[in-house]
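The residues making up each chain are set out below.
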Amino acid sequence: MWELDGHVQHYAWGSTTALPEFLGREADGTPWAEVWFGAHPLAPSHLGGGARLDEIISADPHRMLGDGVRNGFGDALPYLLKVIAPEQPLSLQVHPTREHAAESFAAETAAGLPLDSPLRNYRDANHKPEMVVALTRFTALCGFRTPRRAAAILDGLGTPLTDRLHRLLVDNPTAHGMRAAFRTLIAASMRPPASAVDEVVEACRARLDAGTSPSPRIDRTVVTLAEHHPGDAGVVAALLLNPVTLQPGEAMFVPAGILHAYVHGVGLEIMAASDNVLRAGLTPKKVDAEEMLQCVRVAAAPPLRVAPERQTPRSVAYYAPVDDFELSITDLEDAPGRFQPRHLVPGGGPRIVLGLEGEVLLQTDSGRSRLPAGRAVFVPATAGVLRAGGAGRFAQASVP
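Residues numbered from 1 in each chain as written. Predicted model: local features only at pLDDT ≥ 70, side-chain atom pairs only at ≥ 80, totals over all residues. Heavy atoms only, no water.

> Quick question: what am I supposed to make of the overall build of the protein chain here?
Of regular secondary structure, the protein chain possesses 12 helices and 22 strands. Relative to the compact-globule value of 21 Å for 400 residues, the protein chain shows a C-alpha radius of gyration of 22 Å, a close match. Across the 400 residues in the protein chain, those meeting the buried criterion constitute 55%. Contacts spanning at least 24 positions in sequence make up 73% of the contacts within the protein chain whose residues lie at least 6 apart. Carbon and sulfur atoms provide 51% of the accessible area of the protein chain, an area that totals close to 16,200 Å². (Helix = DSSP H or I, 4+ residues; strand = E, 2+ residues; numbered from the N terminus. Rg over C-alpha atoms; globule rule 2.2 N^0.38 Å. Buried < 20%, exposed > 50% of the residue type's maximum accessible area, 1.4 Å probe, protein only. Contact = heavy atoms within 4.5 Å. Areas by Shrake-Rupley, 256 points an atom, 1.4 Å probe, with all protein chains shown as cover.)

Quick look at the structure:
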């Protein structure tokens with residue numbers, strides 16, 4: 001086992017306190033948005049001695065990954081584990097399918113665009129399905145409502161923009177009508193001016209105050225989004241989407257093509273090892289509306305909640321419908337003085353184990369490692385059976 005130093009991302013939407021507290025580090029007043037644990041080449045974790053995890057894997061892929069993972073994913077760790085702490089809303093975004101990502105990454109590479117070019121949409125050739133497990137109360141927007149429900153929410157706002165969207169959905173209450181409404185907001189040639197967005201926000205605020213909102217939850221979300229992204233058409237797009245609230249321990253899976261935005265909270269996020277993000281709004285970053293519209297799925301669908309399944313008396317697993325990753329959480333309550341690694345931790349293959357609370361002792365055939373909250377270790381595929389003991393809680397990322 002090797003201790004891992006996660007890579008902190010200081011995006012503007014991050015909390016200034018949540019991740020420093022989790023990692024046991026001093027806050028510096030800047031936003032700490034995400035900490036990455038994995039081998040993605042854009043931000044790989046480092047081992048205690050300073051070596052990069054992706055380079056260690058490349059040097060001995062058989063030992064690190066095992067033949068099963070290599071046969072399925074090549075000589076790269078197929079997942080990326082993060083702790084994410086949005087204090088402000090993230091961008092409204094989708095992720096591409098594997099096929100679309102591979103084609104588009106190859107095209108941008110052939111055009112000579114460097115990986116860090118601001119003109120790029122694709123940083124790698126992989127898809128990016130993801131799952132978030134709430135560590136605190138966690139709010140988000142995810143997936144489109146039915147056209148009829150969206151029309152009911154738009155009805156009565158009485159602005160020219162919402163009247164236009166309402167008519168599109170009433171005249172064509174199908175996925176085609178929803179795509180037309182969404183395109184009206186996002187396409188560069190049709191994107192409404194900031195003044196039109198402001199009118200919608202004020203209309204939502206007014207019906208909240210009057211107690212006449214058909215969905216106080218989404219109207220409050222619109223007002224919140226506008227505080228952080230005034231005049232952004234993505235604020236109005238929220239009226240077309242499902243609001244989601246996850247309580248600690250609850251999980252949501254986001255497949256390729258599903259429009260979503262995380263709003264607030266702290267969560268454990270696992271995904272395919274990719275950084276491909278196509279943004280629709282709520283961001284100062286690049287928005288390529290036409291490319292995003294090629295990838296987005298507008299068919300109405302409820303958020304995909306993933307129920308934990310009991311593996312052992314102490315471990316639960318969150319099974320996402322992909323082959324790239326799975327996530328489990330183990331709770332141990334051993335008595336003081338009995339911190340022996342006697343509990344079998346289910347799973348196998350290359351694992352990243354992250355301490356969430358307390359402290360545990362991990363053991364494989366090759367040795368032991370103490371794991372306090374906020375610290376992580378990488379367990380190679382050939383390390384053998386993993387056992388744990390102690391009084392604490394930890395997450396394990398692995399490959400099915």
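> Any chance you could explain the environment of R179 here in plain terms?
Summarising the element assignment, R179 is placed in helix α8 (residues 175-186). We classify R179 as partly exposed; its relative accessible area is 26%. Leave out the neighbours within four places in its chain, and R179 touches L293, V296 and V298. At 3.1 Å, the side chain of R179 forms a polar contact with the backbone oxygen of V296. (Polar contact = N/O pair within 3.5 Å; in protein donor to acceptor, adjacent residues only side chain to side chain.)

> How should the side chain of E34 be read in this particular structure?
With respect to the helices and strands, the residue E34 is situated in strand β3 (residues 34-38). The contacts of E34, once residues within four sequence positions are left out, are H7, V8, Q9, Y11, W13, L19, K82, V83 and I84.

> Looking at this structure, I do not really get the environment of E21. What am I missing?
Along the polypeptide, E21 turns up in helix α1 (residues 18-23). Of the residues examined, E21 reaches a relative accessible area of 66% and is grouped as exposed. Through-space distance from the C-alpha of E21 to that of G374 is 8.6 Å; in sequence the pair is 353 residues apart.

> What should I look at first to understand the pairing of strand β16 (residues 315-318) in this one?
Each regular strand displays side chains that alternate between the two surfaces of the sheet. Residue alternation in β16 divides its side chains into two sets, S315 and A317 and V316 and Y318, and both sets are buried. As paired strands, strand β15 (residues 309-312) and β16 are joined by 3 bridges and run antiparallel to one another. In the strand pairing of β16, R310 is matched with V316. Linking two consecutive strands that pair antiparallel, namely β15 and β16, is a turn of 2 residues. (Pairing = 2+ DSSP bridges.)

> Would you explain the packing of helix α7 (residues 160-171) against α8 in this entry?
The description of two packed helices rests on the angle between their axes and on the distance between the axes. Contact pair α7 / α8: the axes reach a minimum separation of 8 Å and the direction vectors enclose 160°. For the element pair α7 / α8, the angle class is roughly antiparallel. Where α7 crosses over α8, the two elements pack in a sense that is right-handed. Each of L161, R164, L165, L168 and L169 in α7 lies in contact with α8, whose residues at this interface are G177, M178, A180, A181, T184 and L185. The residue makeup of the contact of α7 with α8, split by class, is 8 nonpolar, 2 polar and 1 charged. (Axes fitted to C-alpha atoms, helices over the stretch in contact; angles between N-to-C directions. Parallel < 35°, antiparallel > 145°, perpendicular 65-115°, else oblique. Left-handed = near helix turned anticlockwise from the far one by under 90°. Nonpolar A, V, L, I, M, F, W, Y, C, P; charged D, E, K, R; others polar.)

> Before we go on, may I ask you to explain the sheet that holds strand β5 (residues 79-84) in this structure?
Think of a sheet as strands paired side by side through backbone hydrogen bonds, with each pair either parallel or antiparallel. Overall, antiparallel pairing links the 7 strands, which are arranged β2-β3-β5-β12-β7-β10-β14 in an open sheet. The open sheet terminates on both sides in strands that have one partner only, identified here as β2 (7-9) and β14 (304-306). Recorded for the sheet is a direction-independent mean angle of 25° between the axes of neighbouring strands. Here β5 pairs with strand β12 (residues 267-272) via 6 bridges, running antiparallel.

Shape descriptors only; they carry no functional weight alone.
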